[in-house]
Structure formats: C-alpha cells, structure tokens
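# Secondary and tertiary structure notes
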Amino acid sequence: MTTFCRLGRIACFLAMMILSAPLVAGFFGAWHPALDSFAHFRVHLAVAMMLAALPLLLTSLRWQAVAALAFGAAALSTTSSSLPLPGLGPVHAAFQPRAEGRPVYKMLQMNLRFKNTEPGKVLSLVGRWQPDVITFQEVSAMWEGKLQPLFARYPYRMMCPYPNGIFGVAILSRRPFAEGGEPQCFGEGALAVARVDFGGRASDVVSIHLGWPWPFEQSGQIDELGGNLAALGQNAILGGDFNATPWSAAVARVARLGGLTLMPAAGRTWLTFMLPDFMSFAGLTIDHVMAKGDVLVHQVTMGEDAGSDHRPLLVEFSFRDTATHPEDSETETVATESASAPRS
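Residues numbered from 1 in each chain as written. Predicted model: local features only at pLDDT ≥ 70, side-chain atom pairs only at ≥ 80, totals over all residues. Heavy atoms only, no water.

## Considering the sheet that holds strand β2 (residues 133-137)
Across the sheet, which stays open at both edges, the six strands sit in the order β3-β4-β2-β1-β12-β11 with mixed pairing between neighbours. The sheet is open, and its two borders are formed by β3 (156-160) and β11 (295-302), each paired with just one other strand. The mean angle between the axes of side-by-side strands here comes to 15 degrees, regardless of whether they run parallel or antiparallel. Looking at chain direction, β3 and strand β4 (residues 169-173) are connected through five bridges and run antiparallel. Considered in β4, the bridge of Arg157 is made with Leu172. (Pairing = 2+ DSSP bridges. Helix = DSSP H or I, 4+ residues; strand = E, 2+ residues; numbered from the N terminus. Axes fitted to C-alpha atoms, helices over the stretch in contact; angles between N-to-C directions.)

## Let's talk about the nonpolar core
Counting 24 residues, the largest nonpolar core has Phe198, Ile237, Val289, Val297 and Phe317 as the members making the most contacts within it. Of all the secondary structure elements, the ones that give two or more residues to this core are β1 (105-111), β3, β4, β6 (191-198), β10 (287-292), β11 and β12 (313-319). By size, the runner-up hydrophobic cluster in this structure holds 22 residues, among which are Ala190, Ile222, Val251 and Met290. (Core = buried A, V, L, I, M, F, W, Y, C linked by side-chain atoms within 4.5 Å. Buried < 20%, exposed > 50% of the residue type's maximum accessible area, 1.4 Å probe, protein only.)

## Let's talk about the pairing of β12
Counting buried residues in β12 gives seven out of seven residues, a clear majority hidden from the surface. Residue alternation in β12 divides its side chains into two sets, Leu313, Val315, Phe317 and Phe319 and Leu314, Glu316 and Ser318, and both sets are buried. Sheet topology places β1 next to β12; five bridges connect them, and they run antiparallel. The residue bridging Tyr105 from the neighbouring strand is Phe317, located in β12.

## Some thoughts on the packing of aromatic side chains
Two descriptors summarise a pair of aromatic rings, namely the distance from one centre to the other and the angle between the planes of the rings. All told, the structure shown has 11 aromatic pairs when counted by the stated rule. Arranged with centres 5.7 Å apart and planes meeting at 50 degrees, the rings of Phe198 and Phe319 form a pair that is tilted. Here the residue Phe198 occupies a position in strand β6, and Phe319 occupies one in strand β12, the gap between them amounting to 121 residues. The exposure class assigned to Phe319 is buried, which follows from its relative accessible area of 3%. Consider the rings of Phe317 and Phe319, whose centres lie 6.4 Å apart with planes at 70 degrees: the pair is edge-to-face. Here Phe317 and Phe319 have matching classes, each one buried. Aromatic rings pair up to connect Tyr105, Phe198, Phe317 and Phe319 into one cluster. The ring centre of Phe27 lies 3.9 Å from the NZ or CZ of Arg42, which sits over that ring. (Phe/Tyr/Trp six-rings, centres within 6.5 Å; stacked < 30°, edge-to-face > 60°. Lys NZ or Arg CZ within 6 Å of the ring centre and 35° of its normal.)

Function cannot be inferred from these measures alone, as they are strictly geometric.
In structure tokens, the structure reads:
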C-alpha cells in the first residue's frame, strides 16, 4: 500500500470517528441543551460520516465502515416527522382527513425576515392564499409600515415588538377575537397569543419565535415561556420559527409544555442567502406548526419564496366532528352555518 493510500485511509477513518461523536451526542439532547445543539445538524453529520465511511469499504476497515453506514442510516431514519423522538415520547401527529361539510380554515405561518428587501412578495402571497389567520415572526419596525395594506382585510391583530426592534411576532386575523380573552404578548415579544372565534368555535392562535440554540438563549427562553404555553386553552394552533429541528429536544419540550402535537414537516424551511437555491437540501427544518384539542390539521405545505430566508407554511385545518364531542353540537352547528355565509 502506498503512503498516499495509507494516509487517505487514516484521514477517512479519523473523519468518520470525529463526525460520529457529535452525531451520537445529539441523541442525548434531553440531558443538556449543549448536546441538543448537535441534533439540529443530524442529517448533515450523518451524511458526512457516511461519505467518509464509503472509501473504507475497500480496505481492512470495511467492518467499521459498515457499522458507520448502518448507524448513519439509523440516524437519518429518526429525522422523519412520523417517528417519535427517542426517550421523549410521541409528540408528532399525522394529518387528519377532511370531513364533508366541515368548514376548513387557512393559516399562513412565516418568518418575514427583519430586512426583507421584497415585502411586496409577502403581500402578494397573502392576497393569493387569503388565510383566515396569519402568524408572523421577525416583525421588525420596518414591517409595521409595510403591513399596513393588510390591516383593512385583517382588522383583528396583535403585534408584539421585541426589545431589539427586530424579532417581534404578530398575529393577524380576519376572524374576530373571541369575547372574554384579551390577546397577550409574552417573553418580551417572543410569544403572541390571541383567542380567535372561528364561526362559533374558539381557539388560541399562537405565534412564537425562539432564539438560537445553546450557547445562545433558546433553552432559557423555553423555560421562561413554559407557564404561558401550559396556560393555552383547550383548543390551540401554533405557528413559529423555533430555530430547532423537529426531532430536537427543544421542539419536544415546547410540545410537552403546551400539550401540543407537532405536525409533519413540510420540508427544509430555512436556507441562508449565502447558498444558491439548488443547495436547498443543505437547509434546516426549523419552522413548525403544532395543534391541540379539537383543532384538526389537514395539510401543511411549503409556499414559494417570498423574499425571506425562511419559506412560508400554508396550513389548512378545521375542528373535530361533533360526533365525538356531543357537548359541542350547538357551537358546531353555528360554525357550519357561519362558514357557509359569505365572508367579509
């Protein structure tokens, strides 16, 4: 064996072992947020480790390479949103089928990007999709003026500015806010909650924007918002930029604290502007939708580019059939009649 081949084998083996360490660490994110930070890059680490292992199949280290490939494949399988998180319980849910005659509502979830240079794309997206409710993040001071054209169509709204003037959240609704519950901001503008009346069925609509993972503020922020999440009403639908992947302990904590279920991921929603669109496979799935109670989510799809480094999520949902909740029959009748009437 030439010196070059020997050095290549050593380099591949070292790369394989080095990459395996953070990959393994990410599975223990519930122990400490530092370990959870590695989980967000599970796909990238697994693919890189497997690529390093491939050349070793032709060497005396073939069995170590086979083990690495098997572990990498197993790690990738856990990134499916249909699988429960190891040791954290089943927080994911499958989409629910539509029922004939049941009114279906729409929600738009999007991180606007605080310095979006093409705000017209966002307004156009809203005009085409015509959601009933909207959850926005990174509603900077710039956006307060740019969103004005939407206010006539969405007269019910809650804007929660963040102290830095950049990372605020907002809820816009063309459905009225329910009586008896005032919209509120929490976590210095990281969380907005508004109880919305969907034709007689009330549900909390939630917009959340978490900070970056450890060593930044994300874990402490979840702790701070824990009580507010636990206080959500029986029915709720949440959209937000979590800065965390769906298989992470951080997302599982939010789901657990709020009694929420995480909807299947629509795709990699974030890609830095430093990379071209054809490298979207290198992006991260960090924008999510959750729901609880009688809210049934039928579909979450990823929308087209709207000038942000985050892709929008288009959500369709309804409320549970009254056959399973006889006590709700009266309000369900009201909801059906209201949905059949022309919208304002």
